[in-house]
Amino acid sequence: MIIGSAHLAELLNLTARPQFVNGKPHQQVIGCILRDGGDGTVTTTSLVRDGKTSISHFKRPAIFEQDDEETMVVPDIERLLGVLSAYNGEVNIKQDNSGATAKLRVKGSRRQTSLVAESGALAFPHTSETIGDWEAKSLQLAEQINPGGNYTLR
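Structure report, in brief. Note that the structure is predicted; figures quoted are calculated from it, not measured. (Residues numbered from 1 in each chain as written. Predicted model: local features only at pLDDT ≥ 70, side-chain atom pairs only at ≥ 80, totals over all residues. Heavy atoms only, no water.)

## Focus: the overall build of the protein chain
Our working definition: Counting from the N terminus, the helices are the DSSP runs of H or I reaching at least four residues and the strands are the DSSP runs of E reaching at least two. C-alpha atoms define the radius of gyration, and 2.2 Å times the number of residues to the power 0.38 defines the globule rule. Think of it in three bands: with a 1.4 Å probe and only protein chains considered, a residue is buried below 20% of the maximum accessible area for its type, exposed above 50%, and partly exposed in between. It only takes one pair of heavy atoms within 4.5 Å for two residues to be counted as in contact. For the area figures, the Shrake-Rupley method with a 1.4 Å probe applies, and any residue is considered shielded solely by the protein chains shown.
For the protein chain, the helix and strand inventory stands at three helices and ten strands. Reading the protein chain from its N end, one meets helices and strands in the order β-α-β-β-β-β-β-β-α-β-β-β-α. A globule of 154 residues ought to have a C-alpha radius of gyration of about 15 Å, and the protein chain, at 15 Å, matches this closely. Its C-alpha atoms give the protein chain principal-axis dimensions of roughly 50 × 40 × 30 Å. For the protein chain, the proportion of its 154 residues judged to be buried stands at 38%. Intrachain contacts of the protein chain at a sequence separation of at least 6 include 52% that bridge at least 24 residues. Entry remark: accessible area of the protein chain is about 8,800 Å², with carbon and sulfur atoms responsible for 50%.

Below is the structure:
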């Protein structure tokens, strides 16, 4: 996927939804999955930490190449934001599952960074659910909201 580093940073900041508790910043979302939106966009869909009170769906422009996977795991949004601070302009992001450990590779015009990116990583320290499970739960709940903004109960 090719995306502007500023667009990706904005998407990740929106997805993390930082809040302040007792004057200290806390992310409501720790990790996420970047998904091909199918219309020249990359999307994230995620529930907040408690799994009940809020769900979000954000998208930003991106180019997915033919051989790219349609999902990329971001186990730690803060860490990826730190990596992106060293990049300007467009970056190429790839999920590399070829080795013993899955990696997210961020490549700019002058440097490349690799981060461990397993979908089996925990979504939050207090839960036993994985990032993949959390995103599936988020997508399922997001389907219950129609384009008019109405929520459909079971």
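## Observations concerning the pattern of salt bridges
Put simply, the rule reads: Each reported salt bridge corresponds to a side-chain nitrogen of Lys or Arg within 4 Å of a carboxyl oxygen of Asp or Glu.
Under the counting rule described, the total for this entry stands at seven salt bridges. Notably, a salt bridge pairs Glu10 with Arg60, separated by 3.0 Å at the nearest N-O pair. Of this pair, Glu10 sits in helix α1 (residues 5-16) while Arg60 is found in strand β6 (residues 55-61), placing the two residues 50 residues apart along the sequence. With a closest N to O distance of 3.6 Å, Asp39 and Lys59 form a salt bridge. Of the two residues, Asp39 is situated in the loop between β4 (32-36) and β5 (41-47) and Lys59 in strand β6; the sequence distance between them amounts to 20 residues. Each of the salt bridges in this network shares a partner with another, and the network as a whole consists of Arg35, Glu70 and Glu135.

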